[in-house]
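What follows is each chain in one-letter form.
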Amino acid sequence: MINIFTIVFVIPLGISYTCTNLVGNTLGRNMPNKARTYSHAGILFGWVVLAIIIVNLILFKNKIIALYTTDEEVTDLVMTAFPFWILFIVFDLSKIVMLGILSAIGYQSKSTFVGVVSYWVIMLPVSYL
């Protein structure tokens, strides 16, 4: 499932890079209102793409799991973890777009702090539950 997550992750990562570029360039041209518009549009677009991804993952979860295994026990384990995986995707993909915007406006240290805390302080301990 990690390679499916990697494929899913790359899409919002591209949105994040685009937002970073657009917001940073417009701020560099001293156009803060346009930068704000780009950041809002990027977040909205990220959420729309996230909704499409989540709906497709939920609709095709059985087919996705069948790509990897036909073992009933493994399938049951993956189905048990699937809601948690979806929840993780929602938070992680939302965060990546917003971190790109934070970096663009000059808060690289804050975006790095948020990234480290979210992965190492929150997600890693929660994964053991």
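First, a word on scope: everything that follows refers to the structure included in this document. Because the structure is predicted, anything quoted here is derived from the model rather than measured. (Residues numbered from 1 in each chain as written. Predicted model: local features only at pLDDT ≥ 70, side-chain atom pairs only at ≥ 80, totals over all residues. Heavy atoms only, no water.)

Observations regarding the overall build of the protein
Counting secondary structure elements, the protein contains five helices and zero strands. The N-to-C order of helical and strand elements in the protein reads α-α-α-α-α. Expressed as lengths along the three principal axes of its C-alpha atoms, the size of the protein is roughly 60 × 30 × 15 Å. Counting the 129 residues in the protein, one finds 33% classified as buried. Of the roughly 8500 Å² that the protein leaves accessible, carbon and sulfur atoms contribute 71%. In the protein, which carries 7 positive and 5 negative side-chain charges, the distance between the mean positions of the two groups comes to 32 Å. (Helix = DSSP H or I, 4+ residues; strand = E, 2+ residues; numbered from the N terminus. Buried < 20%, exposed > 50% of the residue type's maximum accessible area, 1.4 Å probe, protein only. Areas by Shrake-Rupley, 256 points an atom, 1.4 Å probe, with all protein chains shown as cover. Lys, Arg positive; Asp, Glu negative; His and termini not counted. Charge placed at Lys NZ, Arg CZ, Asp CG, Glu CD.)

Quick word on a nonpolar patch on the surface
Residues Val116, Tyr119, Trp120, Val121, Ile122, Leu124, Val126 and Tyr128 make up a contiguous nonpolar surface patch of roughly 850 Å² in combined accessible area. As for its position among the elements, Val121 is in helix α5 (residues 108–127). (Patch = residues over 30% accessible without salt bridge, like charges linked within 9 Å, V, L, I, M, F, W, Y side chains within 5 Å. Salt bridge = Lys/Arg side-chain N within 4 Å of Asp/Glu carboxyl O.)

Side note on the packing of aromatic side chains
For the coordinates displayed, the defined rule picks out three aromatic pairs. Summarising the aromatic geometry, the rings of Phe5 and Phe9 are spaced 5.9 Å apart at their centres and angled 35° between planes, so their arrangement reads as tilted. In this pair, Phe5 and Phe9 both sit in helix α1 (residues 2–28), four residues apart, roughly one turn of the helix. Each member of the pair, Phe5 as well as Phe9, is classed as buried. Consider the rings of Phe82 and Trp85, whose centres lie 5.5 Å apart with planes at 55°: the pair is tilted. Of this pair, Phe82 and Trp85 are both found in helix α4 (residues 72–104), three residues apart, which corresponds to roughly one turn of the helix. For the pair shown, Phe82 and Trp85 are each scored as buried. For Lys110, the ring lying beneath its charged end belongs to Tyr107, and the centroid distance is 4.6 Å. (Phe/Tyr/Trp six-rings, centres within 6.5 Å; stacked < 30°, edge-to-face > 60°. Lys NZ or Arg CZ within 6 Å of the ring centre and 35° of its normal.)

Details of the nonpolar core
With 21 residues, the main nonpolar core has Val8, Leu57, Trp85, Ile89 and Leu93 as its most contacted residues. When residues of this core are traced back to their parent elements, those giving at least two are α1, α2 (32–59) and α4. The greatest single-element share of this core, amounting to eight residues, is contributed by α4. (Core = buried A, V, L, I, M, F, W, Y, C linked by side-chain atoms within 4.5 Å.)

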